[in-house]
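Chain by chain, the residues run as shown.
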Amino acid sequence: MKREPAKFKVNGGIHPAYNKQLTAEKAIIEMPVPSLLRVSMLQHLGAPAKVEVAKGDTVSRGQLIGEHGGFISVRVHAPTSGTVKAIAEAPTATGGSAIAVDIEPDGEDRWVEDITPHPDWESLEGKKLISLVSDAGIAGMGGAGFPTHVKLSPPPGKVIDTLIINGAECEPYLTADHRLMVERAEDIWNGIRIIRKILGCATVRVAIEDNKPDAIAAMEAVMAEDTGDSAVVILKTEYPQGAEKQQIFAALGKEVPSGGLPMDVGALVENVGTTLAIFEAVVKGLPLTERVTTVTGFPVKAPGNILARLGTSYADLLAFCEGLQGKAAKVVSGGPMMGFAQHSLDATTTKTTSGLLFLRPDQVRTFSSMPCISCGRCVQACPMYLMPAELSQMIEAEDIEAAEELNVLDCIECGCCAFECPAHRPLVQHMKQAKAGIMAKRREEKAKQKS
Amino acid sequence: MVEEQKAETPEPVLNVVSTSPHAHSGASVQRIMLDVVIALMPALAAAVWFFGWDALRLTLSCVIACVAIEALCRKAMGRDLGIGDLSAVVTGILLAFNLPPALPTWMAVVGCVFAVAIAKQLFGGIGYNPFNPALIGRVALLISFPVAMTKWSEWTIPSPIGIDALSTATPLGLAKTNVMSAGTLPYHFDGGTMLQLLMGDQNGCIGEVSALALFIGGAYMLWRKVISWHTPGCYLGTVAAFSCILWIVNPEKNLPPHFHLLAGGLMLGAIFMATDMVTSPVTRKGMMVFGVGCGVLTMVIRRWGGYPEGVSFAILLMNSITPLINRATAPRVFGHQRKNKEKAS
Ligand code: SF4
Ligand code: SF4
């Protein structure tokens, strides 16, 4: 059997209402290209891509329209063929803004000509494979959007011996990764083999929560033939088991040191969506131009797992899902625990848009500034073993130094603390605020030292 | 085609934009306090059963007084009334439970002023009070009206010589004076006595007598996850272990562990007072330290102190070091080494 139960588990964590039943059984469906695609140059973590086209240009699907804007950056490609209508600053789903290229599709959806598939990838060198990933514009599709080619090139001296494929999808409601594992297990497995070759690591663990037995079975089936050290690790369903550090601990029993990276314990974590994108990029030679987004929530008439072109507006996505059947009071880009609330449906999908969630008015709670009653629930829930209650009181008193002393920078903003807090304190908001304050202070000090 | 569908779609009302998370457990302070009130109901029923009208009189007047004082204080400070969280109701019931049945109503109301106005609102209201308000109320009354606060009703004590006698002392008080004057214990301990104490047929404050009723309330709070076993478990366990050792060393002068557990205010204290969230530690380890500390202090006062009962003082003393306990038991942050390990390596 290619499966093993997780031997470890971090303390803390929560059991929210998952509501995955809304879309867990719904096969992925492809959405027709909408009437306009607004393709952001910042779909990843790092420097925005540099625009490579001008207004009025005709582009083909897969054509490069944004070149690396720095070392930590990701390329952007045209998601369909058409005409560049505008190039302008546009708000992003995460609350910032970035240059975006508006493409009016011509309806032909014609691919660029110079597509080179590599069915013979096994004979290619690791370096070449990484450059194929880099050329295809792949960023971590689990949420953070870190450039994949950078992640796959550890600095010399760092040995990565274990590859963990994150199929936990621990955020409530989201089922995009779940469906990918059920429907495209074979391709994901080939993606895994490509990463394995790049890293030269033998051990592979595919981490899946036990609420997805069909995904576990599908992955296990495609891995059956593998002669190497590979297995599906079955995680207990609990949020946030998909968080990188928590997942590494669950799969390997190793703690990533504070401020460190998974490679410090010899591990690397890739999301299943990213792994599939790597397969598409290498074997088929296709750049990343689409992704699966779970459009869900009780007010949505026909929730589903939608394969949409990057740059599709949230309004178009909702319309494709037949709109709303009741009132929605909150719209979240991503999952309910870590996603971003939206002011409007104008934002467009990116490489990291895992979900679009609509919440009913009665599901929406507002935070209050009630005092902490020291119940300790946040302390017990925190998967980083922090003391959110104390931290938040310090931050409220504007004592950022004390919060830094108590390791607020280790907070992963998972939201477990705020989920449990009976006083409805805005704990995550406090943590974010303190982290931003500390980072700003550090940048200032650095700048001072330089001058 | 997409355009067409869009026209039919009712626009979502995007009126709430806040930081993540966008999901919540549904827990609220009000619900927690309501659960505590529910958990106190069996003990209230027992109080009414054993003390009749007096139990109702004290409980009702304390609840009304506490809520009114809370509202008045908040109003005077220009804040919203804040009585919706039910915490004043809990304080009122707990204070009443710590009073002897014959206490005049006006004295009980004085206790409420101490509890809510001084011990709670003066410090900033719920969440900011370092000491358990109900216990402050009780101790203030004990100091202000020592006679009225130790005036108990009549109780049939199980006597060691086989003739039951009437007493107006609490079981623990009687033991203390007897050990001090005669050097021996006034009881014999058989199943009947234990049952009597368990059910609540004993002298004491109105809410503390029935260990069984308090236990049922505790079980309810455990089930509702309002409290965890750590504080009461360690508190009761420490008292049991401590008294067991004393008893084995000298059974003539020391009460047996089951007597310590069932008599006096221990159950009420361990289940409802030591578990008060605001004034007890937030970490699991801290809760255990807190419970053990309460247990040791309670036994030291009961055995060697001037008062026959030590639960209130023990908990208040531990309240005062809660911030220290929190600091000392802060968990090791994920990905950090323990301090001493860091030095070693
Ligand atoms: S958001 Fe931060 S403080 Fe809160 S539970 Fe998660 S890691 Fe802990
Ligand atoms: S969960 Fe909320 S009320 Fe409870 S200790 Fe944490 S911050 Fe305080």
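Bear in mind the structure is a predicted one, so any value in this text is a computation, not a measurement.

So, how was this worked out
- Residues numbered from 1 in each chain as written.
- Chains lettered and ligands numbered in written order.
- Predicted model: local features only at pLDDT ≥ 70, side-chain atom pairs only at ≥ 80, totals over all residues.
- Heavy atoms only, no water.
- Core = buried A, V, L, I, M, F, W, Y, C linked by side-chain atoms within 4.5 Å.
- Buried < 20%, exposed > 50% of the residue type's maximum accessible area, 1.4 Å probe, protein only.
- Helix = DSSP H or I, 4+ residues; strand = E, 2+ residues; numbered from the N terminus.
- Pairing = 2+ DSSP bridges.
- Patch = residues over 30% accessible without salt bridge, like charges linked within 9 Å, V, L, I, M, F, W, Y side chains within 5 Å.
- Areas by Shrake-Rupley, 256 points an atom, 1.4 Å probe, with all protein chains shown as cover.
- Salt bridge = Lys/Arg side-chain N within 4 Å of Asp/Glu carboxyl O.
- Near = heavy atom within 4 Å.
- Nonpolar A, V, L, I, M, F, W, Y, C, P; charged D, E, K, R; others polar.
- pLDDT = per-residue confidence, 0-100.
- Contact = heavy atoms within 4.5 Å.
- Buried area = accessible area lost by both parts, 1.4 Å probe.
- Polar contact = N/O pair within 3.5 Å; in protein donor to acceptor, adjacent residues only side chain to side chain.
- Domains from an automatic or database assignment.
- 1 Å grid on protein atoms, 1.4 Å probe; cavity = no way out; pocket = protein on both sides within 12 Å on 5 of 7 lines; lining within 4 Å.
- Points joined across faces, edges and corners; volume = space filled by probe spheres on them.

Caption draft 1: Focus on the nonpolar core. Leu99(B), Tyr235(B) and Phe272(B) are the most contacted members of the largest nonpolar core, which totals 98 residues. When residues of this core are assigned to their parent elements, the largest contribution, twelve residues, is made by helix H2 (residues 29-51) of chain B. By size, the runner-up hydrophobic cluster in this structure holds 51 residues, among which are Leu129(A), Leu180(A), Val222(A) and Val282(A).

Caption draft 2: Structural detail: the pairing of strand E9 (residues 97-105) of chain A. All names here are of chain A. Judged from the four bridges that link them, strand E3 (residues 37-40) and E9 form a sheet pairing that is antiparallel. Its bridge partner being in E9, Ser 40 is matched across the sheet by Ala 100. One ladder, built from nine bridges, connects strand E8 (residues 82-91) with E9; its direction is antiparallel. Following the sheet pairing, Ile 87 is matched in E9 by Val 101. Here E8 folds back onto E9, and the loop between the two strands holds five residues, one of which, Gly 95, carries a positive phi near 100°.

Caption draft 3: Structural detail: unusual backbone geometry. Cis geometry is found at the peptide bond from Tyr239(A) to Pro240(A), where omega equals 0°. The residue Pro240(A) is located in the loop between strand E12 (230-235) and helix H6 (244-252) in this model. Residue Pro21(B) follows Ser20(B) across a cis peptide bond; omega there is -5°. Here Pro21(B) shows up in the loop between helix H1 (2-8) and H2. With a phi angle near 60°, Tyr385(A) is a residue other than glycine that sits in the positive phi range. By the element assignment, Tyr385(A) lies in the loop between helix H9 (377-381) and helix H10 (388-396).

Caption draft 4: Structural detail: a nonpolar patch on the surface. On the surface, Trp53(B), Leu56(B), Leu60(B) and Ile64(B) cluster together to form a nonpolar patch covering roughly 460 Å² of accessible area. With respect to the element layout, Trp53(B) can be found in helix H3 (residues 53-76).

Caption draft 5: Geometry of the site of ligand 2. Looking at ligand 2, the residues that line it are Cys372(A), Ile373(A), Ser374(A), Cys375(A), Gly376(A), Cys378(A), Ala389(A), Cys421(A), Pro422(A), Ala423(A), Arg425(A) and Leu427(A). Looking at side-chain class alone, the shell around ligand 2 contains nine nonpolar, two polar and one charged residues.

Caption draft 6: Here's a closer look at the pattern of salt bridges. The full count for this structure, using the stated rule, is 36 salt bridges over all chains. With a shortest N-O distance of 2.7 Å, Glu309(B) and Arg302(B) are connected by a salt bridge. You'll find Glu309(B) and Arg302(B) in the same group, each marked buried. One continuous salt-bridge network, built from bridges that share partners, spans Glu30(A), Arg61(A), Asp109(A), Glu290(A) and Arg309(A).

Caption draft 7: Representation of the confidence of the model for chain B within the structure. Residue and element names in this part refer to chain B. Confidence along chain B averages 86 in pLDDT terms, with 86% of residues attaining 70 or more. The low-confidence segment residues 1-9, where pLDDT is below 50, has ten contacts with residues more than four positions distant or belonging to other chains. A low-confidence stretch, residues 340-345 stays under pLDDT 50, and its non-local contacts, those more than four residues away or across chains, total one contact. In the predicted complex, the global pTM is 0.90; the interface-specific ipTM is 0.87.

Caption draft 8: Geometry of the interface of chain B and chain A. Between chain B and chain A, the contact holds 47 residues from the first and 70 residues from the second. Buried area between chain B and chain A, summed over both chains or domains, comes out near 5000 Å², and the portion from carbon and sulfur atoms is 63%. Counting the contacts that link chain B with chain A gives two salt bridges. The salt bridge involving Arg332(B) is made with Glu255(A); its shortest N-O contact spans 2.7 Å. The interface formed by chain B and chain A contains 20 residue pairs in polar contact (both at pLDDT 80 or more).

Caption draft 9: Spotlight on the domain arrangement of chain A. All names here are of chain A. Domain boundaries in chain A define domain 1 (121-283) and domain 2 (377-450). One C-alpha centre belongs to domain 1, the other to domain 2; they are set 29 Å apart. Contacts between the two partners involve seven residues from domain 1, matched on the other side by six residues from domain 2. For the interface between domain 1 and domain 2, the tally reads zero salt bridges. Linking domain 1 with domain 2 are three residue pairs in polar contact (both at pLDDT 80 or more). Among the residues forming the side of domain 1 that touches domain 2, the class breakdown is three nonpolar, three polar and one charged.

Caption draft 10: Up close: empty space enclosed by the protein. Residue and element names in this part refer to chain B. Overall, the coordinates contain four cavities of 30 Å³ or more when judged by the stated rule. Put simply, the largest cavity is a space of about 290 Å³. Taken together, 21 residues line the largest cavity, and the ones lying closest to its centre are Met 33, Val 90, Leu 94, Asp 276 and Met 277. For the lining of the largest cavity, the secondary structure elements donating two or more residues are H2, helix H4 (87-97) and helix H6 (133-144). With four residues, H4 is the single largest residue contributor to the lining of the largest cavity. Within the lining of the largest cavity, the residues separate by chemical class into 14 nonpolar, five polar and two charged. There are two domains that each give the lining of the largest cavity at least three residues, and those are domain 1 (29-149) and domain 2 (156-203 + 227-328).

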